[in-house]
Amino acid sequence: MQPIMIQEVMKTLPHRFPFLLVDRVLSVKNGEVHAIKNVSINEPFFTGHFPTEPVMPGVLITEALAQASFFCMREALEPGTIGYLAGVDGARFKRKVIPGDTLHLYAKLEFMRRGLGKTTCRAEVDGQVAAEATILFAVGKG
């Protein structure tokens, strides 16, 4: 497949700056997604987290994983459908994410039924796991 570029990402996700955390979707196949987030020093959260040692907050890495998860079932959903974060289980943060990193976001759909879904996710930088989590979400009309 061709990558899903930012214009199409913005048609799929309702998020906008500064909360759009998926820059490109590299692949979608059999309920598995590989997307990227390019981390820049210009991100607004770096001014306060932390000024002398900028680190991407874990909660935003988790949000990026949740946004990438939505692409697992994109084809099966009606336009205008939104995925709402319903829970995060087993979140672990194993490596700092800093300006200049490319955050690779991987999500695998475990199930989707009656408007509820679950994905297992991991974020990597340079082939090293930065974070892992299981994401639970509810799907509804925006």
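None of these values were measured; they are calculated from a predicted model.

Novice: Report on the state of the cysteines, specifying residues and quantitative values.
Specialist: Considering all chains together, one arrives at zero disulfides under this definition. Unpaired in terms of disulfides, C72 finds its nearest cysteine sulfur in C121, a separation of 7.0 Å.

Novice: I'd like a rundown of the nonpolar core, residues and numbers included.
Specialist: Nonpolar side chains in soluble globular proteins generally cluster together in the buried interior. Counting 36 residues, the largest nonpolar core has V9, V22, V25, M56, V97, L103 and L105 as the members making the most contacts within it. Counting only elements with at least two residues in this core, the list comes to β2 (32-38), α2 (58-69), β4 (102-113), β5 (116-125) and β6 (128-141). Ignoring anything within four residues of it in the chain, the contact list for L103 reads A35, I36, K37, V39, M56, I61, V97, A123, E124, V125 and A130.

Novice: Now, about the layout of surface pockets: what can you tell me, with residues and values included?
Specialist: There is about 220 Å³ of room inside the largest pocket. Around the largest pocket, the lining residues are K11, T12, P14, F70, R74, E75, L77, E78, P79, G80, T81 and I82. When contributions to the lining of the largest pocket are tallied by element, the ones reaching two or more residues are α1 (6-12) and β3 (81-93). Its residues assigned to classes, the lining of the largest pocket comprises five nonpolar, three polar and four charged. There is about 180 Å³ of room inside the second largest pocket. A66, Q67, G83, Y84 and L85 are the residues nearest the centre of the second largest pocket, which is lined by 15 residues in total. Elements that contribute at least two residues to the lining of the second largest pocket include exactly α2, β3 and β6. Along the lines of polarity and charge, the residues of the lining of the second largest pocket split into ten nonpolar, four polar and one charged.

Novice: Could you give me a rundown of the sheet that holds β4, with the residues and numbers involved?
Specialist: Taking strand neighbours across the sheet as the criterion, the six strands line up as β1-β2-β4-β5-β6-β3 in an open arrangement whose pairing is antiparallel. At either end of the open sheet lies a strand with only one pairing partner, and these are β1 (24-29) and β3. The average angle at which neighbouring strand axes cross in this sheet is 25°, direction not considered. As defined by bridge partners, β3 adjoins β6 across ten bridges and the pair is classed as antiparallel. Looking across to β6, one finds that D89 is bridged to T134.

Novice: Describe α2, naming the residues involved and giving the relevant values.
Specialist: Between its first and last C-alpha, α2 extends 16 Å over twelve residues, near the 16 Å set by a 1.5 Å rise per residue. With respect to burial, α2 is a largely interior element, nine of its twelve residues being buried. On its buried face, α2 sits against β2, β3, β4, β5 and β6.

Novice: Pulling in residues and values, what's your account of the packing of aromatic side chains?
Specialist: Enumeration according to the criterion identifies one aromatic pair in this entry. If you follow R113 out to its NZ or CZ, it ends over the ring of F111, 4.2 Å from the centre. The lysine or arginine in question, R122, covers the ring of Y106, its NZ or CZ lying 4.2 Å from the ring centre.

Novice: Which residues make up the pattern of salt bridges, and what are the values?
Specialist: Scanning the entire structure with this criterion turns up seven salt bridges. Among the ionic pairs, K11 bridges to E8, the shortest N-O distance being 3.9 Å. Of this pair, K11 and E8 are both found in helix α1, three residues apart, which corresponds to roughly one turn of the helix. On the basis of relative accessible area, E8 is assigned to the partly exposed category, the value being 30%. Two residues, E124 and R122, come together in a salt bridge whose shortest N-O distance is 2.7 Å.

Rules behind the numbers
Residues numbered from 1 in each chain as written. Predicted model: local features only at pLDDT ≥ 70, side-chain atom pairs only at ≥ 80, totals over all residues. Heavy atoms only, no water. Disulfide = S-S within 2.5 Å. Core = buried A, V, L, I, M, F, W, Y, C linked by side-chain atoms within 4.5 Å. Buried < 20%, exposed > 50% of the residue type's maximum accessible area, 1.4 Å probe, protein only. Helix = DSSP H or I, 4+ residues; strand = E, 2+ residues; numbered from the N terminus. Contact = heavy atoms within 4.5 Å. 1 Å grid on protein atoms, 1.4 Å probe; cavity = no way out; pocket = protein on both sides within 12 Å on 5 of 7 lines; lining within 4 Å. Points joined across faces, edges and corners; volume = space filled by probe spheres on them. Nonpolar A, V, L, I, M, F, W, Y, C, P; charged D, E, K, R; others polar. Pairing = 2+ DSSP bridges. Axes fitted to C-alpha atoms, helices over the stretch in contact; angles between N-to-C directions. Expected span 1.5 Å × (residues − 1). Phe/Tyr/Trp six-rings, centres within 6.5 Å; stacked < 30°, edge-to-face > 60°. Lys NZ or Arg CZ within 6 Å of the ring centre and 35° of its normal. Salt bridge = Lys/Arg side-chain N within 4 Å of Asp/Glu carboxyl O.

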